[in-house]
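Listed below are the residues making up each chain.
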There are 4 protein chains.
Amino acid sequence: MKNTQLNLGLIGVGRIGKVHGEHLSYRIPRAKLTAISDVNLEEAKSVGGRLGIGKIEADYHALMNDPDIDAVVICSPTDMHATMIEEAAAAGKHIFCEKPIARTLREIDKALDAVERAGIKLQIGFNRRFDANFDRVRRAILEGEVGEPHLLHIISRDPGPPPIEYIKVSGGIFLDMTIHDFDMARFLTGDDVEEIYAAGAVRVDPAIGEAGDLDTALVTLKFKNGVLGVIDNSRKAVYGYDQRVEVLGSAGGAVVSNNHPNTTVISDATSVRRDLPLNFFMDRYLDSFLVEMKAFVDAVLDDAPIPVTGVDGRAAVALGIAARRSYEENRPVRLEEIEGK
Amino acid sequence: MKNTQLNLGLIGVGRIGKVHGEHLSYRIPRAKLTAISDVNLEEAKSVGGRLGIGKIEADYHALMNDPDIDAVVICSPTDMHATMIEEAAAAGKHIFCEKPIARTLREIDKALDAVERAGIKLQIGFNRRFDANFDRVRRAILEGEVGEPHLLHIISRDPGPPPIEYIKVSGGIFLDMTIHDFDMARFLTGDDVEEIYAAGAVRVDPAIGEAGDLDTALVTLKFKNGVLGVIDNSRKAVYGYDQRVEVLGSAGGAVVSNNHPNTTVISDATSVRRDLPLNFFMDRYLDSFLVEMKAFVDAVLDDAPIPVTGVDGRAAVALGIAARRSYEENRPVRLEEIEGK
Amino acid sequence: MKNTQLNLGLIGVGRIGKVHGEHLSYRIPRAKLTAISDVNLEEAKSVGGRLGIGKIEADYHALMNDPDIDAVVICSPTDMHATMIEEAAAAGKHIFCEKPIARTLREIDKALDAVERAGIKLQIGFNRRFDANFDRVRRAILEGEVGEPHLLHIISRDPGPPPIEYIKVSGGIFLDMTIHDFDMARFLTGDDVEEIYAAGAVRVDPAIGEAGDLDTALVTLKFKNGVLGVIDNSRKAVYGYDQRVEVLGSAGGAVVSNNHPNTTVISDATSVRRDLPLNFFMDRYLDSFLVEMKAFVDAVLDDAPIPVTGVDGRAAVALGIAARRSYEENRPVRLEEIEGK
Amino acid sequence: MKNTQLNLGLIGVGRIGKVHGEHLSYRIPRAKLTAISDVNLEEAKSVGGRLGIGKIEADYHALMNDPDIDAVVICSPTDMHATMIEEAAAAGKHIFCEKPIARTLREIDKALDAVERAGIKLQIGFNRRFDANFDRVRRAILEGEVGEPHLLHIISRDPGPPPIEYIKVSGGIFLDMTIHDFDMARFLTGDDVEEIYAAGAVRVDPAIGEAGDLDTALVTLKFKNGVLGVIDNSRKAVYGYDQRVEVLGSAGGAVVSNNHPNTTVISDATSVRRDLPLNFFMDRYLDSFLVEMKAFVDAVLDDAPIPVTGVDGRAAVALGIAARRSYEENRPVRLEEIEGK
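Just so it is clear, the model here is predicted, and its values are computed rather than measured. (Residues numbered from 1 in each chain as written. Chains lettered and ligands numbered in written order. Predicted model: local features only at pLDDT ≥ 70, side-chain atom pairs only at ≥ 80, totals over all residues.)

Colleague: Describe the overall build of chain A, with residues and values.
Modeller: When helices and strands are counted, chain A shows 13 helices and 15 strands. A globule of 341 residues ought to have a C-alpha radius of gyration of about 20 Å, and chain A, at 20 Å, matches this closely. Taken over the C-alpha atoms alone, chain A extends approximately 55 × 55 × 45 Å along its principal axes. Considering chain A as a whole, with its 341 residues, one finds that 57% of them fall into the buried category. The long-range share in chain A, meaning contacts at least 24 apart out of those at least 6 apart in sequence, stands at 71%. (Helix = DSSP H or I, 4+ residues; strand = E, 2+ residues; numbered from the N terminus. Rg over C-alpha atoms; globule rule 2.2 N^0.38 Å. Buried ≥ 20, exposed ≤ 12 C-beta atoms within 10 Å, placed from the backbone. Contact = placed C-beta atoms within 7 Å.)

Colleague: Describe the packing of helix 9 (residues 178-189) of chain D against helix 13 (residues 310-329) of chain D, listing the residues and the values that go with them.
Modeller: Residues and elements named next belong to chain D. With their axes 9 Å apart at the nearest point, helix 9 and helix 13 run at an angle of 120° to one another. The angle between helix 9 and helix 13 falls in the class oblique. Seen from above, helix 9 lies across helix 13 with right-handed handedness. Residues Thr178, Ile179, Phe182, Asp183 and Arg186 of helix 9 touch helix 13, and the partners they reach there are Asp312, Ala315, Ala316, Val317, Leu319, Gly320 and Ala323. Across the contact of helix 9 with helix 13, the residue classes tally to seven nonpolar, two polar and three charged. (Axes fitted to C-alpha atoms, helices over the stretch in contact; angles between N-to-C directions. Parallel < 35°, antiparallel > 145°, perpendicular 65-115°, else oblique. Left-handed = near helix turned anticlockwise from the far one by under 90°. Nonpolar A, V, L, I, M, F, W, Y, C, P; charged D, E, K, R; others polar.)

Colleague: Requested: an account of the interface of chain B and chain A, with residues and values cited.
Modeller: Contacts between the two partners involve 26 residues from chain B, matched on the other side by 26 residues from chain A. In terms of residues, the side of chain B that touches chain A owes the most to one element, helix 6 (residues 132-142) of chain B, which gives five residues. Among the residues making up the side of chain B that touches chain A, the classes are represented as 13 nonpolar, ten polar and three charged. Taken together, the four bridges between strand 12 (residues 252-255) of chain A and strand 13 (residues 265-268) of chain B define a ladder with antiparallel strand orientation. Looking at strand 13 of chain B, one finds that Gly252(A) is bridged to Asp268(B). (Pairing = 2+ DSSP bridges.)

Colleague: Lay out the sheet that holds strand 2 (residues 31-37) of chain D in plain terms, naming residues and giving numbers.
Modeller: Note: strands within a sheet are paired through backbone hydrogen bonds, in either parallel or antiparallel orientation. Residues and elements named next belong to chain D. Spatially, 3-2-1-4-5-6 is the arrangement adopted by the six strands of the open sheet, whose pairing is parallel. For this open sheet the edge positions go to strand 3 (55-57) and strand 6 (122-124), each flanked by a neighbour on one side alone. Between one strand axis and the next, the sheet turns through 20° on average, direction left out of account. Inspection of the sheet shows strand 5 (residues 94-97) paired to strand 6 by three bridges, in the parallel sense. Note that in strand 6 the partner of Cys97 across the bridge is Ile124. Contacts from helix 2 (residues 41-51) reach strand 2 and strand 3 within the one sheet, and its direction differs from that of strand 2 by about 155°. Together, strand 1 (6-11), strand 2, strand 4 (71-74), strand 5 and strand 6 form the strand contacts of helix 12 (residues 286-301), whose direction differs from that of strand 1 by roughly 135°.

Colleague: Quick one: what's the story with the domain arrangement of chain A, residue by residue and with numbers?
Modeller: A common way to state how big an interface is: give the accessible area lost once the parts meet. Residue and element names in this part refer to chain A. Parsing chain A into structural domains produces domain 1 (6-120) and domain 2 (129-284 + 316-338). Using only C-alpha atoms to locate each centre, domain 1 and domain 2 end up separated by 28 Å. At the junction of the two partners, domain 1 supplies seven residues and domain 2 supplies seven residues. Among the residues making up the side of domain 1 that touches domain 2, the classes are represented as five nonpolar, no polar and two charged. (Domains from an automatic or database assignment.)

Colleague: So, the relation of the copies chain C and chain A: which residues are in play, and what are the values?
Modeller: Each copy of the sequence occupies a distinct position, and chain C is placed on chain A by a rotation of 180° and an axial shift of 0.0 Å, giving an RMSD of 0.0 Å. Between the two chains, the operation in question is that of a two-fold axis. Relative to the rotation axis, the closest C-alpha in chain C is found at Arg331(C), a distance of 2.9 Å. Most of the interface of chain C is mirrored in chain A, where 100% of its interface residues again form contacts. (Least-squares fit on C-alpha atoms with pLDDT ≥ 70 in both.)

Colleague: Could you give an account of helix 12 (residues 286-301) of chain C, naming the residues involved and the relevant values?
Modeller: Residues and elements named next belong to chain C. The end-to-end C-alpha distance of helix 12 is 23 Å, a good match for the 22 Å that 16 residues give at a rise of 1.5 Å each. Of all the positions in helix 12, only Ser288, Phe289, Glu292, Met293, Phe296, Val297 and Val300 are classed as buried. Just beyond helix 12, the residue with positive phi is Asp303, at close to 50°. (Expected span 1.5 Å × (residues − 1).)

Colleague: Which residues make up the pairing of strand 7 (residues 149-157) of chain B, and what are the values?
Modeller: Residue and element names in this part refer to chain B. The buried fraction of strand 7 is high, at nine of nine residues. Across eight bridges, strand 7 lies against strand 11 (residues 242-249) in antiparallel orientation. Bridge pairing links Ile155 to Arg244 in strand 11. Where strand 7 meets strand 10 (residues 228-234), seven bridges bridge the pair, whose relative direction is parallel.

Colleague: How would you summarise the relation of the copies chain B and chain A if you had to cite specific residues and measurements?
Modeller: Mapping chain B onto chain A calls for a rotation angle of 180° and an axial translation of 0.0 Å; the resulting RMSD is 0.1 Å. A shared binding surface is used by both copies, with 100% of the interface residues of chain B retained as interface residues in chain A.

Colleague: Pulling in residues and values, what's your account of the pairing of strand 8 (residues 193-201) of chain A?
Modeller: All names here are of chain A. Here strand 8 lies mainly inside the structure; seven of its nine residues are buried. As judged from the eight bridges shared by strand 8 and strand 9 (residues 216-223), these two strands associate in the antiparallel manner. In the strand pairing of strand 9, Ile196 is matched with Leu221. Here two bridges tie strand 8 to strand 15 (residues 333-334), and the two strands are oriented antiparallel to one another. By the bridge assignment for strand 15, Ile196 is matched with Val333.

Colleague: Go over unusual backbone geometry with me, naming the residues and quoting the values.
Modeller: In the segment running from Lys99(B) into Pro100(B), the intervening peptide bond is cis, with an omega of -10°. Notably, Asp303(D) is not glycine yet its phi reads approximately 50°, a positive angle. For Asn330(D), which is not glycine, the phi torsion reads 45° and is therefore positive. Owing to 15 C-beta atoms within 10 Å, Asn330(D) belongs among the partly exposed residues under this scheme.

Colleague: Explain the interface of chain C and chain A to me, and be specific about the residues and the numbers.
Modeller: Taken together, the 27 residues of chain C in the interface contact 27 residues of chain A. Secondary-structure elements contributing two or more residues to the side of chain C that touches chain A are strand 7 (149-157), strand 8 (193-201), strand 9 (216-223), strand 10 (228-234) and strand 12 (252-255) of chain C. Here the residues of the side of chain C that touches chain A are counted per class, giving 13 nonpolar, nine polar and five charged.

Colleague: Could you give an account of the sheet that holds strand 2 (residues 31-37) of chain A, naming the residues involved and the relevant values?
Modeller: Residue and element names in this part refer to chain A. Reading across the sheet, the six strands line up as 3-2-1-4-5-6 and stay open at both edges, with parallel pairing between neighbours. The open sheet has two edge strands, strand 3 (55-57) and strand 6 (122-124), and neither has a second partner. Neighbour-to-neighbour, the strand axes of the sheet open up by a mean angle of 20°, direction not taken into account. Summarising the sheet, strand 4 (residues 71-74) and strand 5 (residues 94-97) pair through four bridges and their orientation is parallel. Bridge pairing links Val72 to Ile95 in strand 5. Against the sheet, helix 2 (residues 41-51) engages strand 2 and strand 3, with an angle of about 155° to strand 2. Most of the contacts of helix 4 (residues 78-90) go to strand 5, to which it runs at about 165°, and overall it touches strand 1 (6-11), strand 4, strand 5 and strand 6.

Colleague: I'd love a proper account of the nonpolar core, names of residues and values included.
Modeller: Counting 215 residues, the largest nonpolar core has Ile85(B), Ile95(B), Ile85(D) and Ile95(D) as the members making the most contacts within it. Discounting residues that sit within four places of it in the chain, Ile85(D) has contacts with Ile95(D), Cys97(D), Ile101(D), Ala111(D), Ala114(D), Val115(D) and Leu122(D). (Core = buried A, V, L, I, M, F, W, Y, C linked by C-beta atoms within 7 Å.)

Colleague: Outline the environment of Ser326(D), supporting the account with residue identities and numerical values.
Modeller: Residues and elements named next belong to chain D. As for its position among the elements, Ser326 is in helix 13. Spatially, the C-alpha atoms of Ser326 and Glu165 are 25 Å apart, while their sequence positions differ by 161 residues. Filtering out sequence-adjacent residues up to four positions away, Ser326 remains in contact with Ile196, Tyr197, Ala198, Arg331, Pro332 and Val333.

Colleague: Please set out the environment of Phe223(C) residue by residue, giving values where relevant.
Modeller: All names here are of chain C. Note that Phe223 resides in strand 9. You can call Phe223 buried: it has 20 C-beta atoms within 10 Å. When the C-alpha positions of Phe223 and Tyr285 are compared, they lie 27 Å apart, and in sequence the two are 62 residues distant.

Take a look at the structure:
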């Protein structure tokens, strides 16, 4: 684009939509948020009023059809993502879409085809790539500080499980929770997974098992380049939101620890202790949401490569599907087995 | 005040003025920045344009005289602070003023008298009180986690000295740099200093000594309640901005370490290492600037006590004056000795 | 036993034999080392002379037949362990034996039968159980500090691979290296493994692959009580001997980090760093060798339960055999599959 | 000396004498402990029996007069040190003597004169120099890792005060406790103190004040080479034995933290915590006692320079005397003022 500022429309002003809206309005000088839509028009008006947005709609098509809008930010429920991507692509809008694109590869492939035909840019909202800790590990690998990767660990635990009603429609732990870690694994190694083995258990809450899901998992990944990786998931770490990675390479290792609200350490007659890690994903990853959106705006305005592509979005879903099959059949599953599903 | 939103005018849009301006415009819902002034009108227009401010002036009196403005934020050079406080007080505006109020107790007392007569609220910009690390130590003391304080350490080192031209007009290390630590010492202990002993040296750059100043100091504080404290200052810590405190009390200790840009630790064949602490005071203390301004806005709107008062601003300057005398005469100086100077 | 001191004979004075010899001679008051044997008589004389031992033999049967010896410490090569255990049991000696008992379950079962028939005590040299870090994790589990275990991580990496000649006769990474971690997994969880899945790779040195072995592995463990665990092994962590564990439980988590030669942290213009972890297993685990031997001496003298039994020694070997099969067949292997092999 | 082994006699088998005795007997191959004396002959026999020592005496003169003894280790009460040094020097024995040499410079000078006349070697028991943490800081300075020193912190706090009866005869906090830190300050900087300022308080226990002593102190040191240093002492840190130092130099900083019994960190719903630091000086500094004694034995056998000399022992006492005067007169005291006292 030749423009110096990108006009954006925001579709959906739920929790994550509000964050993107505020960032686009106040904290990204090259961005201009000009329109908002939400089926809940009152909520759209409330958010739009606070951010000083002129155009507020209940129907997102009004944004798709607005010639002044260069790009849309899709924060609707997951089952709308693929359709909206296709419509936005047809309208020639660049797209930032929250993950996952869809829960089947068939739907994803249809959406990505539309994007490719339209020649527009699509970025998927894997915000953790833009977190300072994980980005530092990626740089350590890219710049040779740890040499060639051999082993990868991802520990990703929630402070507590979501409501059972959510669990039931979540698509299961591998598509709902591990999906972030699958993307992180591909991001850090810069490679694709060839085979996956998922061990799972219900340890946190029997109701999760009754709903047909798992709350505890260890997923082994074999990458094409020979790296071995493991993802550790739990729906409940009582001490907070536990988000760590670790890489061992031929020349060294890189280890991420959690973010805490302060660095103060208190020693008393009993222990040496500090406050718990940040407990809420929005606090923990707030900066990363800003950085990812800046990256999207820059990539569109500068016609530069998108940092998280549709291919990345697809790969994470494919891994989620493969993990589920591996768990169900208790055997290693090759990624090629689930192609086209 | 009965208002739900506070109208503010910003005087001075240098480095710190810009930060306050952005926070007031975008990040403090109860605040409304309505006017900006700066002797550099072009700069004021540039900042005001970006923030969407209607009223932009070269002469700050236009803000003092504006009946729609409830409070002013004074970010002008130090030698204007006292006069502006007096004028704002006379105009009935509440005041947030950057530190120090002035460099003599006489000027400060005159300004504080004006504030008291006018019955308006004055907050001094000791932002570090609002930092999450130091605030946690203060809470550890208030809530009895460390018992009654016995010993206090403050380590406060800059990543590098300012230009010699600045040093020459800075008022000296004790009023320019240690002043923050004097306030921190009073904040943490909740007490006043009775006697001070300052040891100083020129270790970083002989030119600082030639300019009549010091670049390295150890200041011993004896508090009224019997606590002993020491402040360690250096104009140059090559590893970054070093900002730590430590308290020993009858029931435990609290220790603050530095803030780093990420938590990633890299081990290679040579060492186990991490990236340097945040190097720039604006990065390190960005959150604290926001929290202090929110606190000011809340205190005015809710007619609640101001968290950093004129008395606090005065005490830190008195300590700076006493420290300089102690250094010059190489003896402990009681604070009562420098009263009225 | 009614004795107040235990008379011991030491069989084999290689690297680990020397350590046990010194501990028994000088640092365990309830122990008295009275005899040493080694096929290398010169070496036996050299060690025995330094420790002031009266009886020094080339043939270990002289120790087995010595009525004044209550217990033998077997530090011979692995392929002698089972036979020596049987002979010592037949002679009524209590036995401390280095790991592994043997490399087949058949041999192990024969030796354990002999021990049971003789009614003597047998302790296997899984010294890591006696390390202060891991013992603290075990206590955290036993005392409920972390609640019921859900997930277990063991990271166990050597600073560099042994010579290829050693690799060829080592029994493979799972029996040579992971065996310690199998025991640690059982120790920490207090439970047995039901199923195992081993992913392996040759990442460190192709020559290791040519010798038919692996140098990098991720082993997934499913315990009978539902805990999921993973063991991460590498023959080469350039930053040193990497020995960590981590447990997540229903009430919290416990994480072990490495031991360093000092706590000094150095910050310069480049990084904040510390010296590498202890690099040599003998430095890292020296204390644990002393504690395990004290525990053996105490258990015999006080007729108390042995802390690491023959059953423990057998279970670790069974896991090594199962891991190898899992790797070769690339599928999860149930432990019951390899019984009797 | 041409000998390959040093014959030593140990005078006094109290707490520290026992430690040295065990090290000399078992853990220093170049040393041979041949005789022990203690006015409590039963205790001497008990220790000597355990260590297998042939010669056990009530009167230490028997050791002084024994021609087979090359060196004596003086672990008697402080008021005997100077006399014993003189006698041992006269007998041509090399001397390891616990600190302090004496509590007056006059006595010390007399003893050091005797040593010089006799041409024997004298090492003073400032064991902390041989601790791995502090030694690492010293090396960081010597090897230029932190550049030229600017600022020094020593934090040295006991887990609890000794009995009041001990306080009364201890010589006061500066000679009893700070003396170790004075030596550490000189060791780390490699320089002498020119002026000292001591602030003190009674915060821990009023009974200590009633006994004429202090329990809390902050001592400022000005070194000849311009370095500024501060020592923080407390008789009571409830969280354990707190032993840290920190140096800021022109090229970086070095910071020591405490030693803990394990590295395990436990996170639960309340905090992230670890076990308290080692609580007892004998646990904390056990290794340093061994290293210092090895250094003494090596220096004598190899006719190499003694690492902690009589001059070092004298300097620490001089600083203790000066600190007390500074506290009493509440003014900085130059070291030259207390010469000859």
